[in-house]
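Coordinates in review
This is what each chain is made of:
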Amino acid sequence: MPFPVDGRWIEATQRKLGVVFPASFAIAMSKANGGAVDSDIDTWELFPFYDQNDKKRIQRTCNSICRETKSAREGWYGFPETAVAIGKNGGGDLLVLLPEPTDSTALRHSVYWWDHETGETYKLADDFADLSKD
């Protein structure tokens, strides 16, 4: 069950990854840290921002965006090295944000699906707000 997350944990994740999340994503996650979104092709379980407010939140957010992005970059052949993993579909594919072509620190508003079998990314939505959050 997702719960709100303090902006300081979003900022900490941005600093650790060296990126800035699109406003629509950060705002949605600040209200419900985790949960799921639906797209035309699948339902995606969102990775939370790591929240260190108390032991319960640490336990519930240990599969954080930072942890899952690091795991994908190190463990998945063909995962784009600049992509940030924000969710999974349970079948190996990941929901990702990619950096702007002209600024590697700013993540695009568009949301992509990374196919673990082909290593290709496909655009799912023009903006995170276009996905239906459960």
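Anyway, here's the lowdown on the structure attached to this text. (Residues numbered from 1 in each chain as written. Predicted model: local features only at pLDDT ≥ 70, side-chain atom pairs only at ≥ 80, totals over all residues. Heavy atoms only, no water.)

What about the sheet that holds strand β8 (residues 121-125)?
With antiparallel pairing, the seven strands of this open sheet are ordered in space as β8-β7-β4-β3-β2-β1-β9. What marks the edges here is a single partner per strand, and that holds for β8 and β9 (132-133). Where strand β4 (residues 94-97) meets strand β7 (residues 111-114), three bridges bridge the pair, whose relative direction is antiparallel. The partner of Leu-95 across the bridge, within β7, is Trp-113. Across the sheet, helix α4 (residues 65-75) lies against β3 (84-88) and β4, angled at about 100 degrees from β3, the strand it touches most. (Pairing = 2+ DSSP bridges. Helix = DSSP H or I, 4+ residues; strand = E, 2+ residues; numbered from the N terminus. Contact = heavy atoms within 4.5 Å. Axes fitted to C-alpha atoms, helices over the stretch in contact; angles between N-to-C directions.)

Examining the pairing of β4
Of the two faces of β4, both are covered, the one formed by Leu-94 and Val-96 as well as the one formed by Leu-95 and Leu-97. Direction of pairing for β3 relative to β4: antiparallel, over a ladder of four bridges. Residue pairing for β4: Gly-87 is matched across the bridge by Leu-95. Hairpin remark: β3 followed by β4, antiparallel, with five residues in the connecting loop; positive phi at Gly-90, about 90 degrees. (Buried < 20%, exposed > 50% of the residue type's maximum accessible area, 1.4 Å probe, protein only.)

Details of the environment of Arg-57
Tracing the backbone through its elements, the reader meets Arg-57 in helix α3 (residues 55-60). Considered as a pair, Arg-57 and Gly-78 are 21 residues apart in the sequence and their alpha carbons are 32 Å apart. Excluding anything up to four places from it in sequence, Arg-57 contacts Phe-3, Pro-4 and Asp-51. In this structure the side chain of Arg-57 is engaged in a polar contact, spanning 3.0 Å, whose partner is the side chain of Asp-51. (Polar contact = N/O pair within 3.5 Å; in protein donor to acceptor, adjacent residues only side chain to side chain.)

Considering the nonpolar core
Phe-21, Phe-25 and Phe-128 are the most contacted members of the largest nonpolar core, which totals 36 residues. Those elements that place two or more of their residues in this core are α1 (7-17), α2 (23-31), β2 (43-46), α4, β3, β4 and β7. Apart from residues no more than four positions distant in its own chain, Phe-128 is found in contact with Ser-24, Phe-25, Ala-28, Val-37, Leu-46, Ile-86, His-109, Val-111 and Lys-133. (Core = buried A, V, L, I, M, F, W, Y, C linked by side-chain atoms within 4.5 Å.)

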